[in-house]
Amino acid sequence: MSVELSKKDKRIARDVIEKGLQKEFQQGLQQFDAILQKWKNEQQDNRDIYHNLFKSVHDFDKHIARRYDNMKGSTYLLILVAQLMGNLICEEDLIELNPDVRNDIIYAAMG
């Protein structure tokens, strides 16, 4: 992707990325809650549940850090592609972007 983002597109991209990030946090929290509900309902071994929860939080934290830490203008497009591929955002979320930028993101997400 060789399209340069304008200041306006960078602002829009940050807003869309934040929307996807919030959805990603929601999915992570739902995953953690499912582990805790399993513990509450089935009264499995506390140690096993604790290790499952810890591993789940740890893996999720690593994923979030890899994708969003040190986020800068040059990585916005890659993040948007990953979010679109992960169904965290949809094509309609990109509607305000420059058409060339939007098309590059959609094309890259399609594979």
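Residues numbered from 1 in each chain as written. Predicted model: local features only at pLDDT ≥ 70, side-chain atom pairs only at ≥ 80, totals over all residues. Heavy atoms only, no water.

1. Points about the packing of aromatic side chains
And step 1. For the structure shown, the criterion picks out 3 aromatic pairs.
And step 2. Geometrically, the ring pair formed by Phe-32 and Phe-60 is edge-to-face, given 5.7 Å between the ring centres and 85 degrees between the ring planes. Taken together, the positions of Phe-32 in helix H1 (residues 7–42) and Phe-60 in helix H2 (residues 46–68) put the pair 28 residues apart, joining distant regions of the chain.
And step 3. Accessibility expressed as a relative area gives 11% for Phe-32, which makes it buried.
And step 4. Here a set of aromatic residues connected by ring pairs shows up, and it is made of Phe-25, Phe-32 and Phe-60. (Phe/Tyr/Trp six-rings, centres within 6.5 Å; stacked < 30°, edge-to-face > 60°. Helix = DSSP H or I, 4+ residues; strand = E, 2+ residues; numbered from the N terminus. Buried < 20%, exposed > 50% of the residue type's maximum accessible area, 1.4 Å probe, protein only.)

2. Let's talk about the nonpolar core
One recurring pattern in soluble globular proteins: nonpolar side chains tend to sit buried together.
And step 1. The biggest cluster of nonpolar side chains holds 27 residues, and the ones touching the most others in it are Tyr-68, Leu-80, Leu-84, Leu-94, Leu-97 and Ile-105.
And step 2. Breaking this core down by element, the ones donating at least two residues are H1, H2, helix H3 (76–85) and helix H4 (99–110).
And step 3. Broken down by element, the residue count for this core peaks at 7 residues, all from H1.
And step 4. In contact with Leu-80, not counting residues within four places along its chain, are Ala-13, Val-16, Ile-17, Ile-89, Leu-94, Leu-97 and Ile-105. (Core = buried A, V, L, I, M, F, W, Y, C linked by side-chain atoms within 4.5 Å. Contact = heavy atoms within 4.5 Å.)

3. Re H2
Side chains of residues three or four places apart in an α-helix project in the same direction, reflecting 3.6 residues per turn.
And step 1. The first and last C-alpha atoms of H2 sit 32 Å apart over 23 residues, in line with the 33 Å expected at 1.5 Å per residue.
And step 2. Within H2, burial applies to Ile-49, Leu-53, Ser-56, Phe-60, Ile-64 and Tyr-68.
And step 3. Each element contacted by the buried residues of H2 is listed here: H1 and H3.
And step 4. Within two residues after H2, Asn-70 carries a phi angle of roughly 60 degrees, on the positive side. (Expected span 1.5 Å × (residues − 1).)

So yeah, pure geometry; function would need other evidence.
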